[in-house]
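Here is what each chain is made of, one letter per residue.
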Amino acid sequence: MLALLALLALPAAAQDCNGPALARSLTAASPVQAGPIFVELARCDAATARKVVAKELPRVLPGEDGDRAAVATIEIGATDVLLTWMKGMDPSGRSRTIAALGEVCDGNAAVRDFLMGTKERLGDEFWTDRWFRALSRCGGPEVGAIFAAELDKPIGPDRSRFLGLLEVYARSQGPAAIPKLKELAARTEDPETLSYIVQSFSDAARVGVAGGARPEDAAAASQAITELAPSLPLRVVDAARVAMQSLGDEAGADALAAARYRELAQADGSLLWGAVAVETAPCKKGKQTWRRVHLAEVKDPGRTWADQLSKRAQAAASGWELSLGKQCKAEASVEWRVPAEPFADEAALKAWHAAQLKEIDEQPVDRSTVVEQDTLQL
């Protein structure tokens, strides 16, 4: 998007500026030339620009010059003319100009006042035409109040509207949005909508903006997610983990495993996993295939997700003697197997081990042994 702050930093009007002459040039200009001339006129002679804006602004082409002309129109106070012009644009052109106005919102008091006032002036069009997106770059509690009031209303059949409001609210308010986001999450029952709310904590921490999130803001967002996690539906905890990772809190994301698998937790709150390592090697000078199967239970304090288990179990089993290749004087392969989720109890773990052995035995070898290893502590 156009860097409007730089483009609008035009030199002050020269003392010999001739407003009427510029107005005549504007009238004679082509639509391609009209935008820059109108901006120059507005900076030079606001009174004359106000006299001709209703006639000349409709000739300005949408685009970079049109964006500059829109700001200039606001600065000379011809906002009604601007709204009429923008209503006549195609939706993509209007969205572009709205976004461009948003880019200068915090640095231009006239534009900020205009955008703040469009809610009352446009009514439903403020929401349906996505004018509210321009406020994503307008900070301050008065902007937050507009969105907080809308977010408190029933979501209704158009959830995309709610999600758009949520994104703009979190981005515009930054860490100040965190308490409201927690409140919304606590009263939202729909898992999909709740997932979006949880993910918006990253927006509130300003993840992805220039310079990145401040550590204290990321920490506040992570803390909020941690507090919500025990009451979140299990599938929403997956979204919470992604949000935590985007905040740079890998330890916090890992700790959410306790919430994700809480229905399978042991009495002490730990998680019971399992692991199987299958060694296979050609032995007897390649004439026979031998196999050794290692079984173990894996205990985790609630910091390991299923997609992390294999790597962590292998690290914990670094002391195991996986020496079948050495014994056969050949290169052995080692296959690791882990479950998709923790086990509810020891009986479930034993049943899984038995199922793995049955499946492994379907691949016949000349010699197969089973080794039961000590419990692996993650």
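Observations regarding the pairing of strand E1 (residues 271–283)
Part 1 of the argument: The buried fraction of E1 is high, at 11 of 13 residues.
Part 2 of the argument: For E1 and strand E2 (residues 288–300), the ladder comprises 13 bridges, and the chain directions are antiparallel. Following the sheet pairing, Cys283 is matched in E2 by Gln288.
Part 3 of the argument: The loop that links E1 with its antiparallel partner E2 comprises 4 residues; one of these, Lys284, has a positive phi angle of about 55°.
Part 4 of the argument: Inspection of the sheet shows E1 paired to strand E3 (residues 333–337) by 5 bridges, in the antiparallel sense. When the bridges of E3 are listed, Val278 appears paired with Glu335.

As for the pattern of salt bridges
Part 1 of the argument: What the rule picks out here adds up to 31 salt bridges.
Part 2 of the argument: As a salt-bridge pair, Arg94 and Asp129 come within 3.9 Å of each other at their nearest N and O atoms. Here Arg94, found in helix H7 (residues 91–103), pairs with Asp129, found in the loop between helix H9 (125–128) and helix H10 (141–151); they are 35 residues apart in sequence, far enough to count as distant.
Part 3 of the argument: Among the residues examined, Arg94 registers a relative accessible area of 12% and is labelled buried.
Part 4 of the argument: In this structure, the salt-bridge partner of Glu227 is Lys182, at a minimum N-O distance of 2.4 Å. Highlighted residues: Glu227 in helix H14 (residues 215–228) and Lys182 in helix H12 (residues 178–187), separated in sequence by 45 residues.

Here's the deal with helix H20 (residues 346–361)
Part 1 of the argument: Spanning 16 residues, H20 covers 22 Å between terminal C-alpha atoms, matching the ideal 22 Å at 1.5 Å per step.
Part 2 of the argument: Of the positions making up H20, those classed as buried are Leu349, Trp352, His353, Gln356 and Ile360. Summarising the axial view, the buried residues of H20 lie within an arc of 100°, below the 170-degree limit, and thus occupy one face. For H20, the exposed residues set more than 90 degrees away from the buried face come down to Ala347, Lys350 and Lys358.
Part 3 of the argument: Among the structural elements, E1, E2 and E3 are those in contact with the buried residues of H20.
Part 4 of the argument: The N-capping residue of H20, defined by a side-chain oxygen 3.2 Å from the backbone nitrogen of Ala347, is Asp345.

Regarding the packing of H10 against helix H11 (residues 159–173)
Part 1 of the argument: H11 packs onto H10 with a crossing angle of 155° between their chain directions and a minimal axis gap of 10 Å. As far as their axial angle goes, H11 and H10 are roughly antiparallel. Where H10 crosses over H11, the handedness of that crossing is left-handed. For the pair formed by H10 and H11, the contact residues are Pro141, Val143, Gly144, Phe147, Ala148, Glu150 and Leu151 on the first element and Arg161, Phe162, Leu165, Leu166, Val168, Tyr169, Ser172 and Gln173 on the second.
Part 2 of the argument: Along the lines of polarity and charge, the residues of the contact of H10 with H11 split into 10 nonpolar, 3 polar and 2 charged.

Some remarks on the confidence of the model for the protein
Part 1 of the argument: When the pLDDT values of the protein are averaged, the result is 90; 96% of them are 70 or greater.
Part 2 of the argument: Here residues 1–15 is a poorly scored stretch, pLDDT under 50, and it has 26 contacts once near neighbours within four places are set aside; other chains count.

Description of the packing of helix H5 (residues 64–75) against helix H6 (residues 79–87)
Part 1 of the argument: Contact pair H5 / H6: the axes reach a minimum separation of 8 Å and the direction vectors enclose 150°. It follows that H5 is roughly antiparallel to H6 by the angle criterion. The two elements H5 and H6 meet at a crossing, and its hand is left-handed. For the pair H5 and H6, contact is made by Gly66, Ala70, Thr73 and Ile74 and by Thr79, Leu82 and Trp85, respectively.
Part 2 of the argument: Per-class residue counts for the contact of H5 with H6 are 4 nonpolar, 3 polar and no charged.

Some details on the side chain of Asp300
Part 1 of the argument: Secondary-structure assignment places Asp300 in strand E2.
Part 2 of the argument: Of the buried charged residues, Asp300 lacks a salt bridge, with Arg312 as the closest side chain of opposite charge at 5.5 Å.
Part 3 of the argument: Those residues within four positions of Asp300 in sequence are excluded, and the remaining contacts are Ser270, Leu271, Trp273 and Leu378.

Quick look at helix H4 (residues 46–56)
Given 3.6 residues per helical turn, the α-helix brings residues three or four places apart onto the same face.
Part 1 of the argument: Taken together, the buried positions of H4 are occupied by Thr48, Ala49, Val52, Val53 and Glu56. One side of H4 holds all its buried residues, which, seen down the axis, span an arc of 135°. Exposed and facing more than 90 degrees away from the buried side of H4 are Lys51 and Ala54.
Part 2 of the argument: Looking at the buried residues of H4, the elements they touch are helix H2 (19–28), helix H3 (31–44), H5 and H6.

Side note on the packing of aromatic side chains
Part 1 of the argument: Applying the stated rule across the entire model yields 9 aromatic pairs.
Part 2 of the argument: Arranged with centres 4.7 Å apart and planes meeting at 85°, the rings of Phe126 and Trp127 form a pair that is edge-to-face.
Part 3 of the argument: On the basis of relative accessibility, which here comes to 1%, the residue Phe126 falls in the buried class.
Part 4 of the argument: You can call Trp127 buried: its relative accessible area is 7%.
Part 5 of the argument: Counting every residue linked through ring pairs, the aromatic cluster contains Phe126, Trp127, Phe132 and Phe147.

Criteria and thresholds
- Residues numbered from 1 in each chain as written.
- Predicted model: local features only at pLDDT ≥ 70, side-chain atom pairs only at ≥ 80, totals over all residues.
- Heavy atoms only, no water.
- Buried < 20%, exposed > 50% of the residue type's maximum accessible area, 1.4 Å probe, protein only.
- Helix = DSSP H or I, 4+ residues; strand = E, 2+ residues; numbered from the N terminus.
- Pairing = 2+ DSSP bridges.
- Salt bridge = Lys/Arg side-chain N within 4 Å of Asp/Glu carboxyl O.
- Expected span 1.5 Å × (residues − 1).
- Arc of directions from axis to C-beta.
- Contact = heavy atoms within 4.5 Å.
- Polar contact = N/O pair within 3.5 Å; in protein donor to acceptor, adjacent residues only side chain to side chain.
- Axes fitted to C-alpha atoms, helices over the stretch in contact; angles between N-to-C directions.
- Parallel < 35°, antiparallel > 145°, perpendicular 65-115°, else oblique.
- Left-handed = near helix turned anticlockwise from the far one by under 90°.
- Nonpolar A, V, L, I, M, F, W, Y, C, P; charged D, E, K, R; others polar.
- pLDDT = per-residue confidence, 0-100.
- Lys, Arg positive; Asp, Glu negative; His and termini not counted.
- Phe/Tyr/Trp six-rings, centres within 6.5 Å; stacked < 30°, edge-to-face > 60°.

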